[in-house]
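Chain by chain, the residues run as shown.
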Amino acid sequence: MGRSGNPGFLGLDNWSRLLSDQAARDSLGRTAVFIVLTWAVQTPVALLMGAWSAGAQRNRAILSALFFIPLLLSTAAIALLWQVLLDPNFGLPQSVSPLKSIGFLGDPEIALYTVVFVVSWQYIPFHALLYQGAARNIPAVLYDAALIDGASRFGRFRFVTLPQLRYTVVTSSILMVVGSLTTFDTVLILTGGGLGTATRIAPLYMYDTGFAGFQMGYASTIAVLLLVLGTALSLITMKVTRFRSMQSQQEGQ
């Protein structure tokens, strides 16, 4: 459909427009930063939490249940919760005197990092569950052998747990990448992509273009680009990590 609203075949006009759209390129750049930051925050925390919660102790089970509460909440509820908590007038910054003047969602320099924190808080429990399930499937004989060899707790984690979880790391990473390329509701509620364009990542730019700008054809082009990028990044991750050629963790035991 043309910009005038009259139906018509545009051919590759939307793709040509996308290549020359500076706002689209900027949103893709912010999306790349968003992907890297969410992966860098979620992966180590989820891995450690999952490996720790895989233990059989009762206190770990109780604490794990508390840690996984964000999984029970909807994205909209979580975004609204943190929007209130981070409100500079009556939220957490107001209750902690050294931070009274800080607007976590009102400062363009830190707004994107705040969004990364909220998204990570929501999804770390999900990825921790993946690591927990994988960690519980690690044969105990591997830890027994490492203990006989004199490995410390850190040594057992480094030389037994981490290598056995490498498949899960790849799977979790692909889910994070694809999830980051489809995230817009959290940003929409927290900042609306505002503060200029500080938090306008590509999925939100697509949403604004289609539903606020009523340019569904161009928004569909952006959606297709995100689909292609998500698929390409997933395939590249699998290729680089040689995921398809990985053999069973327990093969040869």
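Residues numbered from 1 in each chain as written. Predicted model: local features only at pLDDT ≥ 70, side-chain atom pairs only at ≥ 80, totals over all residues. Heavy atoms only, no water.

Undergrad: Explain the overall build of the chain to me, using residue names and the numbers behind them.
TA: Tallying secondary structure elements over the chain gives twelve helices and zero strands in all. Sequence-ordered secondary structure for the chain, helices as α and strands as β, is α-α-α-α-α-α-α-α-α-α-α-α. A total of 253 residues make up the chain; the buried ones form 38% of that total. A fraction of 68% describes how many contacts in the chain between residues 6 or more apart in sequence connect residues 24 or more apart. Summed over its atoms, the accessible surface of the chain is roughly 14,300 Å², and 65% of this surface lies on carbon and sulfur atoms. (Helix = DSSP H or I, 4+ residues; strand = E, 2+ residues; numbered from the N terminus. Buried < 20%, exposed > 50% of the residue type's maximum accessible area, 1.4 Å probe, protein only. Contact = heavy atoms within 4.5 Å. Areas by Shrake-Rupley, 256 points an atom, 1.4 Å probe, with all protein chains shown as cover.)

Undergrad: Let's hear about the UniProt feature "transmembrane region" (unreviewed entry) in the chain: which residues, and what values?
TA: Mapped onto the present numbering, the UniProt feature "transmembrane region" (unreviewed entry) falls at residues 28-49, 61-85, 110-130, 174-196 and 216-236. Between the C-alpha atoms that bound residues 216-236 there is a distance of 30 Å. The span itself is 100% helix and 0% strand. (UniProt positions renumbered as here; feature names shortened; annotations may be inferred.)

Undergrad: Residue-level account of helix H12 (residues 216-240), with values.
TA: Residues separated by three or four positions in an α-helix point in the same direction, a consequence of the helix having 3.6 residues per turn. Across its 25 residues, H12 extends 36 Å between first and last C-alpha, which sits within 8% of the 36 Å expected from 1.5 Å per residue. The set of residues buried in H12 consists of Tyr218, Ala219, Thr221, Ile222, Leu225, Leu226, Gly230, Ser234 and Met238. (Expected span 1.5 Å × (residues − 1).)

Undergrad: Tell me about the packing of helix H9 (residues 166-180) against H12, residues and numbers included.
TA: When two helices pack together, their arrangement is captured by the angle between the axes and the distance separating the axes. The interhelical angle for the contact between H9 and H12, taken along N-to-C directions, is 165 degrees, at an axis separation of 9 Å. Classified by the angle between their axes, H9 and H12 sit roughly antiparallel to one another. Of the two elements, H9 crosses H12, and the hand of that crossing is right-handed. In this structure, H9 uses Val170, Ile174, Val177 and Val178 to contact H12, whose residues at the interface are Leu233, Ser234, Thr237 and Met238. Its residues placed into classes, the contact of H9 with H12 shows six nonpolar, two polar and no charged. (Axes fitted to C-alpha atoms, helices over the stretch in contact; angles between N-to-C directions. Parallel < 35°, antiparallel > 145°, perpendicular 65-115°, else oblique. Left-handed = near helix turned anticlockwise from the far one by under 90°. Nonpolar A, V, L, I, M, F, W, Y, C, P; charged D, E, K, R; others polar.)

Undergrad: Let's hear about the packing of aromatic side chains: which residues, and what values?
TA: Tallied over the entire structure, the rule returns five aromatic pairs. Residues Trp82 and Trp121 carry aromatic rings whose centres are separated by 5.5 Å and whose planes lie at 75 degrees to one another, so their mutual orientation is edge-to-face. Pair noted here: Trp82 is in helix H4 (residues 75-85) and Trp121 is in helix H6 (residues 111-136), with a separation of 39 residues, a long-range link. Judged by relative accessible area, Trp121 falls into the partly exposed class, the value being 29%. Through a chain of ring-to-ring contacts, the aromatic side chains of Trp82, Phe117 and Trp121 assemble into a single cluster. (Phe/Tyr/Trp six-rings, centres within 6.5 Å; stacked < 30°, edge-to-face > 60°.)

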